[in-house]
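# What the coordinates show
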Amino acid sequence: MATAGSAVGLGNIWKFPYIAGENGGGAFLIVYLICVLIFGLPLLMTEFIIGKKSGKSAFGAFQALRKNKKWQWLSWCCMLTAIIIMGFYFVVTGWCFHYVVAAVTHSFKGLDTGAFSEHFTSLVNNGGSMFAYSLLAVLLTAIVLWFDVNKGIERMSKILMPLLLLMMVLMAGRVLMLPDSNIGMKFFFQADFLKINPQTVLAAMGQSFFSLSIGMGAIITYGAYMPANQNISATSLQVVVLDTLVAVFAGLIIFPAVFAFGVDPAEGPQLVFVVLPAIFEQMSFAWFSGILFFGLLCVAAVTSTISLMEVAVAFLTEATEKTKHPLNRHKSVLVISAIVLVMVAFNGISLTNDGTWLCWEGKNFFDWSDMLSANIFMPLNAFAMALFVGWFMDKKDVRNQFGKQDSWLYRIGAIYLPLVRFLIPLAILAIFLNGLGIL
Ligand code: PFF
């Protein structure tokens, strides 16, 4: 449940629709689903194996399994990726908090999509307010990690996450009744293969990694907390199915509404924040639906920020354990929160009108963090992890992680190994180099 909580988040409901919208809808969806299958499932297993077998966080896992420090650089790459992601993820979580407040105070009543767009623009131009909302999100996450109340969060997610899914089904039902919703359905489900280009494939691969929390050690860290009798294949499959279901439902809600309200699907990061309030205006119990949905979105976001910050906190605690100045869990939470807030400030400022100094090549700091983490760092880290398990871990050890010998689960290991030894690293490399125009 905790891993599902980490996977299901803003990546599914905020990022997936906007990336799909920018990359041609249906064409993107097909490539995304293929990536989830080819990469997502085996790579989730890969991180679980590393974490479960070593019992360590991203800092100590590679070292413990190889009994030397040669792979330490990969631990640092995971940590760096986590910090970069947190920088923009907390900003977007802050937006969700803002939208809960706006929904409660009836700020959206009677407005049209043009006004929603203005609302969003004024939000991102108010650096102070944006920072305050992100600070709230950082504080909440830090409190959960400080008191180690993950169990409580897990129990809460068990009720709230199905509720989020139910709410999304209801919203999809309402949206499909809007005029012109069929255009959006076509956009999302009709694959125009001519629209698939190397960048689409790279974006889809990156999105599948981001959405499943692969390639930065979050799953390694959770794997370390996994009970010995927990089945890696079944857990990975459940997480993949649930995560993909939520993303597809998000598309099913957003795209018909995008066309019904005349919004540009390639609008970028603001897409769902313009479209969602417009949907609630069309629903019965508009006020209540808006509050409930954005509230649930905040819960989904925070279960992901918890896993993001946990990577960094576990890393720092383990890294300093044997030094002269060991940082216990509490101190690590404070240090990481401080670093994250600095990153949040840079991300936030880069979105405001005063933030032009944080822009390069037409992209601001926020866009760069978003793009670099998913399309470059996560695939490269995952590439190295696949090679690590495939070539540098004992084959028997790896296969034993799947189940008892002679069980059918054990046989999954026989399919898994060639995948991580050959197919996955080669495919990641090819897509990566092709997407960057090098190949
Ligand atoms: N998978 C999360 C989402 O889709 O929102 C984002 C994320 C969480 C990425 C944790 C990476 C991670 F370690």
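The structure contained in this document is the topic of the report that follows. Computed from a prediction, not measured in an experiment: that's the story for all the values here.

Below, the discussion takes up the overall build of the protein. A count of helical and extended segments in the protein gives 18 helices and two strands. Against the compact-globule benchmark of 22 Å for 439 residues, the protein has a radius of gyration of 21 Å, which places it among compact chains. Projected onto its principal axes, the C-alpha coordinates of the protein cover approximately 65 × 50 × 45 Å. For the protein, the proportion of its 439 residues judged to be buried stands at 58%. Accessible surface, the protein: about 17900 Å² in total, of which carbon and sulfur atoms supply 67%. Each charge sign in the protein was given a centre, from 26 positive and 22 negative side chains, and these centres are 16 Å apart.

Another aspect to go through is the site of the ligand. The local shell around the ligand holds 16 residues, among which A7, G11, Y89, F210 and A218 are the closest. In the environment of the ligand, an oxygen atom lies 2.9 Å from a nitrogen or oxygen atom belonging to the backbone of A7. Separating an oxygen atom of the ligand from a backbone N or O atom of L10 is a distance of 3.1 Å. Protein chains shield 100% of the accessible area of the ligand, which is 340 Å² for the free molecule. When contributions to the shell around the ligand are tallied by element, the ones reaching two or more residues are helix 1 (2-7), helix 2 (10-22), helix 10 (198-211) and helix 14 (286-320). Looking at the shell around the ligand, its residues break down into eight nonpolar, eight polar and no charged.

Tallied over the full model, the rule gives 37 aromatic pairs. Here F16 and F28 contribute two aromatic rings whose centre-to-centre distance is 6.0 Å and whose plane-to-plane angle is 55°, an arrangement assigned as tilted. In this pair, F16 is assigned in helix 2 and F28 in helix 3 (residues 26-54), connecting sequence segments 12 residues apart. Here F188 and F189 contribute two aromatic rings whose centre-to-centre distance is 4.9 Å and whose plane-to-plane angle is 55°, an arrangement assigned as tilted. When the ring centre of F210 is taken as origin, the NZ or CZ atom of K15, which lies over that ring, is 4.3 Å away.

Here we take up a nonpolar patch on the surface. Side chains of I30, I34, L37, I38, F193, W391, F392, F422, L423 and L426 sit close together on the surface and give an oily, nonpolar patch of about 980 Å² of accessible area. Only helix 3, helix 16 (365-392) and helix 18 (408-435) provide two or more residues apiece to the nonpolar patch. By residue number, the principal contributor to the nonpolar patch is helix 3, which donates four residues. Note on placement: F422 falls in helix 18. Since its relative accessible area comes to 43%, F422 is described here as partly exposed.

Two elements in contact, helix 3 and helix 10, have axes separated by 8 Å at closest approach and are oriented at 45°. The angle between helix 3 and helix 10 falls in the class oblique. In the packing of helix 3 onto helix 10, the handedness of the crossing is right-handed. Packed against helix 3, whose contacting residues are F28, V31, Y32, C35, V36, F39 and L43, the element helix 10 presents T200, V201, A203, A204, M205, Q207, S208, F209 and S211 at the interface.

Here helix 3 crosses helix 16 at 60°, and the two axes come no closer than 10 Å. Of the two possible hands of crossing, helix 3 and helix 16 adopt the one that is left-handed. Within the contact between the two elements, helix 3 uses L43, T46, E47 and I50 and helix 16 uses A382, M385, A386, F388 and V389.

All chains considered together, the criterion is met by three salt bridges. Two residues, K15 and D370, come together in a salt bridge whose shortest N-O distance is 3.0 Å. Taken together, the residues span a long stretch of sequence, with K15 in helix 2 and D370 in helix 16 at a distance of 355 residues. D370 shares its class with K15; the two are buried. Residue E310 pairs with R329 through a salt bridge whose shortest N-O separation is 2.7 Å. Of this pair, E310 sits in helix 14 while R329 sits in helix 15 (residues 329-351); the two residues are 19 residues apart in sequence, bridging distant segments of the chain. A relative accessible area of 1% places E310 in the buried class. Owing to a relative accessible area of 22%, R329 belongs among the partly exposed residues under this scheme. Shared partners join several salt bridges into a network, and the residues in it are D148, E310 and R329.

Let's shift gears to the side chain of S213. The topology assignment puts S213 in the loop between helix 10 and helix 11 (218-224). Here S6 takes part through its side chain, which lies 2.9 Å from a polar atom of the side chain of S213. When neighbours within four sequence positions are excluded, S213 is seen to be in contact with S6, A7, E47, A218 and I219.

Let's shift gears to unusual backbone geometry. Even without a glycine there, the phi angle at H106 is positive, about 60°. With respect to the helices and strands, H106 occurs in the loop between helix 5 (72-104) and helix 6 (113-125).

Throughout the structure, instances matching the rule amount to zero disulfides. Left without a disulfide partner, C298 is nearest to the cysteine sulfur of C96, which lies 5.2 Å away. On the basis of relative accessibility, which here comes to 7%, the residue C298 falls in the buried class.

Turning our eyes to something else, we now look at the nonpolar core. Of all hydrophobic cores here, the largest spans 158 residues; its most connected members are W14, M86, W95 and F293. The element contributing the most residues to this core is helix 5, with 18 residues. If sequence neighbours within four positions are ignored, W14 has contacts with F88, V92, W95, P269, V272, F273, F366 and D370.

About the criteria used
- Residues numbered from 1 in each chain as written.
- Predicted model: local features only at pLDDT ≥ 70, side-chain atom pairs only at ≥ 80, totals over all residues.
- Heavy atoms only, no water.
- Helix = DSSP H or I, 4+ residues; strand = E, 2+ residues; numbered from the N terminus.
- Rg over C-alpha atoms; globule rule 2.2 N^0.38 Å.
- Buried < 20%, exposed > 50% of the residue type's maximum accessible area, 1.4 Å probe, protein only.
- Areas by Shrake-Rupley, 256 points an atom, 1.4 Å probe, with all protein chains shown as cover.
- Lys, Arg positive; Asp, Glu negative; His and termini not counted.
- Charge placed at Lys NZ, Arg CZ, Asp CG, Glu CD.
- Near = heavy atom within 4 Å.
- Polar contact = N/O pair within 3.5 Å; in protein donor to acceptor, adjacent residues only side chain to side chain.
- Nonpolar A, V, L, I, M, F, W, Y, C, P; charged D, E, K, R; others polar.
- Phe/Tyr/Trp six-rings, centres within 6.5 Å; stacked < 30°, edge-to-face > 60°.
- Lys NZ or Arg CZ within 6 Å of the ring centre and 35° of its normal.
- Patch = residues over 30% accessible without salt bridge, like charges linked within 9 Å, V, L, I, M, F, W, Y side chains within 5 Å.
- Salt bridge = Lys/Arg side-chain N within 4 Å of Asp/Glu carboxyl O.
- Axes fitted to C-alpha atoms, helices over the stretch in contact; angles between N-to-C directions.
- Parallel < 35°, antiparallel > 145°, perpendicular 65-115°, else oblique.
- Left-handed = near helix turned anticlockwise from the far one by under 90°.
- Contact = heavy atoms within 4.5 Å.
- Disulfide = S-S within 2.5 Å.
- Core = buried A, V, L, I, M, F, W, Y, C linked by side-chain atoms within 4.5 Å.

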